[in-house]
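In case you want the letters, here they are:
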Amino acid sequence: LDAAEADNVVVRALHAKKNPEIAAIEAASKAAGLRDGKAAGLRDGKTAGLREGTLKGITALCDVLEIQLDTERRAQLDRLDVAGLDALLGHLRTERRWP
């Protein structure tokens, strides 16, 4: 066996014996993965919420200003990220017309 395969055999044997050090490493790794996953999920959820809220604001403002959101404009909205939507909302608020 080469050195890496020999190490793998030892690790598998320790895992099969439920070695406490191996169990602690696995638990720490799992906990770190859960923390990272939760953080990523929260970031993604926050971004999606901000995007949806900004889209609702744009839609409402366009309705008040009587700006039609046709298929082309809706496609433009779909391509924008949160920063782009914020910029568009600012433009609509000050210029009162579609850019």
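What you see is a predicted model, and the numbers here were worked out from it, not measured in a lab. (Residues numbered from 1 in each chain as written. Predicted model: local features only at pLDDT ≥ 70, side-chain atom pairs only at ≥ 80, totals over all residues. Heavy atoms only, no water.)

A. Examining unusual backbone geometry more closely. Even without being a glycine, Glu66 presents a positive backbone phi close to 60 degrees. Following the sequence through the fold, Glu66 ends up in the loop between α2 (20-64) and α3 (71-79). The class of Glu66 is exposed, set by a relative accessible area of 70%. Positive phi values are uncommon outside glycine, yet Arg96 reaches one of about 55 degrees. Along the chain, the position of Arg96 falls in the segment after α4 (82-95). By relative accessible area, which is 55% here, Arg96 ends up exposed. (Helix = DSSP H or I, 4+ residues; strand = E, 2+ residues; numbered from the N terminus. Buried < 20%, exposed > 50% of the residue type's maximum accessible area, 1.4 Å probe, protein only.)

B. Just the side chain of Thr54, in detail. Along the chain, Thr54 falls in helix α2. The class for Thr54 is buried, based on a relative accessible area of 9%. With residues up to four places along the chain from it excluded, the contact list for Thr54 reads Leu85, Asp86 and Leu89. (Contact = heavy atoms within 4.5 Å.)

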